[in-house]
Amino acid sequence: MKPAPAQPSDPSGTAAEAAVDLTVVIPAYNEENRLAPTLTAVRAHLESLEPLSWELIVVDDGSADGTAAVTEAAAAEEPRVRLLRTPANRGKGHAVRTGVLASRGRRVLVTDADLATPIEELTPLQRRLDEGVAAAVGSRALPESRIAVRQNPVREIMGRLGSGLIRAAAVPGIRDTQCGFKLFDGDKVRTAFEGSRLDGWSYDVEILRFFHQMAWEVAEVPVRWAHQPGSKVRPFAYPTVLADLVRLRWRAVRPERIAIPAIFLVLAFFLYGGLWGGLGGAYLADSGSDQQQWEWFFAVTADNVAHLRNPLFTDLQNAPLGVNLMANTAMLGLSVPLAPLTLALGAHVTWAVVLTGGLTATACSWYWLIARRFVRSRWAAALGGGFCAFAPPMISHGTAHPNFAVLFMMPLIIDRALRLCEGRRPTRDAVVLGLFLAYQVFLGEEALLLAVTGMLLFAFGYAVASPDVAKAVAPPLLRGLGIAALVAVPLVMVPLAWQFFGPQSYRSVLHGQVGNHPMALLEFATRSLAGDEHVAASLSLNRTEENAFFGWPLVVLAVALVVHLRDQPRVRALGFTALAAAVLSLGQNIPLPGTGKTLPGPWRVVAPLPVFESVIESRMAMVCVPALGILLALGCDRLVLRRVRSERESSRRILGAAALVVAVLPLFPTPYRTVERAPVPAFVSDGTWREYVRPGRSLVPVPVPSPADTTALGWQIDAGLGFRIPGGYFNGPWGPERIGIYGPQPRPTSELLRKVRETGRVPVIGPQQRREFGWDLDFWRADVLVLAGQDNDEALRTAVTALAGRQPKRAGDVWVWDVRAGR
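Each chain carries its own residue numbering, running from 1 in the written order of its sequence. In keeping with the model being predicted, local features are shown solely for residues with a pLDDT of at least 70 and side-chain atom pairs are shown and tallied solely at 80 or more, while totals for entire chains, interfaces and linings include all residues. Only hydrogens and water are set aside; all other atoms, that is, all heavy atoms of the structure, feed into the side-chain values.

## Concerning the overall build of the protein
- For the purposes of this entry, the term helix denotes a DSSP run of H or I that reaches at least four residues, the term strand denotes a run of E that reaches at least two, and both are numbered from the N terminus. Helix and strand content of the protein: 32 helices and 21 strands.
- The dimensions of the protein, computed from C-alpha atoms along their principal axes, are 120 × 70 × 45 Å.
- Burial classes follow relative accessibility: with a 1.4 Å probe on protein chains only, a residue under 20% of its type's maximum area counts as buried, one over 50% as exposed, and anything between as partly exposed. Expressed as a percentage of its 823 residues, the buried residues of the protein come to 51%.
- Across the protein, the fraction of contacts at a sequence separation of at least 24, relative to all contacts at a separation of at least 6, is 77%.
- Note on areas: Shrake-Rupley, 1.4 Å probe, and residue coverage restricted to the protein chains presented here. Carbon and sulfur atoms make up 60% of the accessible area of the protein, which amounts to about 36400 Å² in all. In what follows, residue pairs with any heavy atoms lying within 4.5 Å of each other are defined as contacts.

What follows is the structure, encoded as C-alpha cells:
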C-alpha cells in the first residue's frame, strides 16, 4: 500500500529534485522528549561528512504530542531537514516506507529516534557498501558488538528467540534483524519498499527477505548499542511479529510448493482409500497378520504411555514372559508421540494416519532434498521425490511394513551429512545429525542400516569419480560424524542395551537365503500399473517383499542417463550405488536365468557381519530407489531447463520426455485392496470376559495366538488391553542361544492345537497330553480358554474338552472352559 501524501517542511513547499548522496530516515511516534537531541547529533555528524550531500527525513507517524513541532523547528534552521506527516498512527513499517519512498539518496540510512546506535556507527556501514554490498545492517549479536546498556532479561530472551525464529523462517544468515540502524543502496531499498506490505515492527524482515530473494548481498556489521528507556515495543508486539512472519512465508510460497505436497497427499489417500473408507472394519488384504500386529503395537505403546509404564516392554502378549518392544518393530518414534491419537480414536486410525501421512512425508522430504541439492526445476524434484516414496519396493512394504515405507528422516540425514562436507557450521550440523540418527533408531534400525550402506556405496563411488573432492571433504566429514556419534550414542544407549540384553531379547533373526532373482529387477510388481501378480509371485518371497521390480524400461533409462550425464561425478556415484545395491540384493547365490545354476554373490562377504546377518538381502534393492529417483530428477531437470535452439534438439527433448513416461508410467501404483475384518466376539466386546479373568491372569484363545493367527490381538485391543494372552506375533528368543524367531517358543498344548486347526483331526489325547496341558495352563497363568467360530472349530472343541476333562460352557457366541479352580 502506497503511503498517503505527506506535508514537506521545506518553506517553499517543494524539495530539490536532484539526488543526494545520503538520506537519513527517522520514524517518530510521540518522540517530543528525545527527538531534538537526536536531530542535533545527526545533523552535526552529517555536516562533518561534507562535501557529502545529504537530507534528513523525519516521518511523524500520527503523533499526539509535539513531535512535529520539534522537527519543524529543526527544519527552520536547516532546509535539508524534512518533515513528513501521516494522518494517523499506522506503525513503524508504514512510517519507514513513507520516508524511504520520499527519499532521494543514493544511499538511505534508517535509524531510530532514540539513537540507541550512535550516528557515528554510520562509518563502518558505509565501508561495507563501498565494498559492494547492497545493504549493511547494524548488529548487536556479533562478537565485536558493544552493548553499553542491556535490556531487561525477559525482553532480551524474547528478542533472541524472535531473532532465531526470523533467521530460520525468513532471513537466513542475519543474526539481528531488529537493530534499528541500517544502511541501504537507495535504488534497491526503494524498489523493496514499493512492494512491501507490512506496517508494523516486522517491516525489517520483509525488506531483508526481499534483498535475500533478489540475491542482493546484505552484510551484518557490529555496532555500539545502548538500551534507551521509553521503548514503544510492548509484549503484544511479539505475537504480532510471529503473525507477520506467517504472512510473509505464506505470500512467498509459490503455487507449485503447495501443489506438489498436495499431489503426494492425494496419491497417498488414493492408495489407502479402502482403509479410510472403512476405518475400524477395513483390513489391508495383502498385509497378512501384520496390520493386526502393528495396531497392537500402537495400542500397547499408547497404554504404556498413559499409565507411565516402560515403553520398551509389555507382558500383555506372550504371557507371562512378555515382549521386548525395542527388539520389535514398534516404531516408538511415532507410536509414542501419536499415543494421544491412539487413545482418543483407536489404533486403527493411527495405523491409517501413519501409512498415509508417512508416505506423504517421505515424498515431501525427498522432494525437498532433491530440489535443494540436485536440480533447479521443482517439478523435476517432484518426480524424483515421488519416485523415492512411491516406487514399487516402497509400495510393497506400504501394505504391511511402515518401518520400511515411512522414511522421511533419510533425506534429512543425508542433507546433514552433505552439510558436514561443506564445513560451514560443522559442530551444529554434527549435533543435528546425531539427533536425527538417534530418532531414526526409534523408527526403524534395519532401514537405517540399509540407508547407511547406501551412503557408504555412494561415498565410495564419489571418491573414485572425484578423488580430489573426496580427499578435501573427508576430514570435516569424519570429524562431524565423530561428534554426531557422541550425541547419538548416549541417547540410544539404554534402549539399545534393553533391545540386545534386556528381557526377551534375542541374538539375531535367521531368515535363510532370500535374495532377489535377477529377473525381479526387470519385471513389474503386483501393485504396479503394468504388474502381473503371478509373475511377481514367482520372483518374490511374498507381496510385502517385492523389493525390486523396477521394470526394464526404467533400468534402460537409468543406464542411458548415467552414460549421458557421466561428466558429473555425482551421476557416476549414483550409478555405482544403484548397480552395487542391485547386485548385493541378489544374495549369496545368484541364479542364472534358464540354467538352474547359480553363481556366488557378493552378499557372502556381508552376510557373516554382525547385524547384517538378520537382514533379508533382497531388501538391499531398496537402496536403488533414491539413486534411481535422483537420476530421474536430473534427467527431467535437463529436459525442462534446456534451451531448444534447433529442430534436432526439439526432437531430442520430445524423445527424452517420451522415455521418462515409458519408464515411469508402468510403475504407477494401484490402490491397496481391503477386506472386512472378522468381528470381535461379543464375549469380549461386551465385557463378559471380566467374569472369568482375574487381574494379572490370562485369557487363552483357542488356538493359542501365533504369527499365522493374530485374531486375539484384536480382541485384546477391543477389551482395552484388560487381559493378558499367551503366544502372539512378535520377535522373541528361542533356545539357549536365544536365536530370534517369530512368535513364542512352542509349548506342547499350543503345538497340539495348531495342528488340530490346520488338519481338522484330533490326535489321541492321553495322560501325558493332559499333564502337559496342566503345566501349560500354570505357565500361562490361565483363567479361561475361549473358542470362537472358525475353521475346524468342532475339532478344536473336542480336543480342548479332552485336554480339560470337562465340557465347555456356551457364553454368547463363544465356548469357554473355566480353568480357575486350583490356580
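## With respect to the sheet that holds strand 16 (residues 698–702)
- With mixed pairing, the four strands of this open sheet are ordered in space as 16-19-21-20. In the strand order of this sheet, the two ends are held by strand 16 and strand 20 (809–811), each with one partner. Geometrically, the sheet is characterised by an average inter-axis angle of 35° between neighbouring strands, direction not taken into account.
- At least two bridges found by DSSP between two strands is the condition for calling them paired. In the sheet, strand 19 (residues 782–788) pairs with strand 21 (residues 814–818) via five bridges, with the strands oriented antiparallel. Paired with Val 784 across the bridge in strand 21 is Asp 818.
- Interaxial angle, 0 to 180 degrees, is taken between N-to-C directions of lines fitted to C-alpha atoms, where a helix line uses only the stretch in contact. Each of strand 16 and strand 19 is contacted by helix 31 (residues 767–780), which is oriented at about 110° to strand 19, the strand it contacts most.

## Notes on the environment of Ile 414
- Inspection of the secondary structure puts Ile 414 in helix 18 (residues 409–422).
- Placed 37 residues apart in sequence, Ile 414 and Ala 451 show a C-alpha to C-alpha distance of 9.1 Å.
- Other than its neighbours up to four places away in sequence, Ile 414 contacts Trp 366, Leu 369 and Met 455.

## Here we look at a nonpolar patch on the surface
- Any residue with relative accessible area above 30% and no salt bridge may belong to a patch, with like charges joined within 9 Å and the nonpolar Val, Leu, Ile, Met, Phe, Trp and Tyr side chains within 5 Å. For this analysis, a salt bridge means a side-chain nitrogen from Lys or Arg found within 4 Å of a carboxyl oxygen belonging to Asp or Glu. Together, Phe 270, Leu 529, Val 661, Leu 665 and Phe 668 make up a nonpolar patch on the protein surface, roughly 470 Å² of accessible area in all.
- Of note, Leu 529 is situated in the loop between helix 21 (467–501) and helix 22 (533–538).
- With relative accessibility at 53%, the residue Leu 529 sits in the exposed group.

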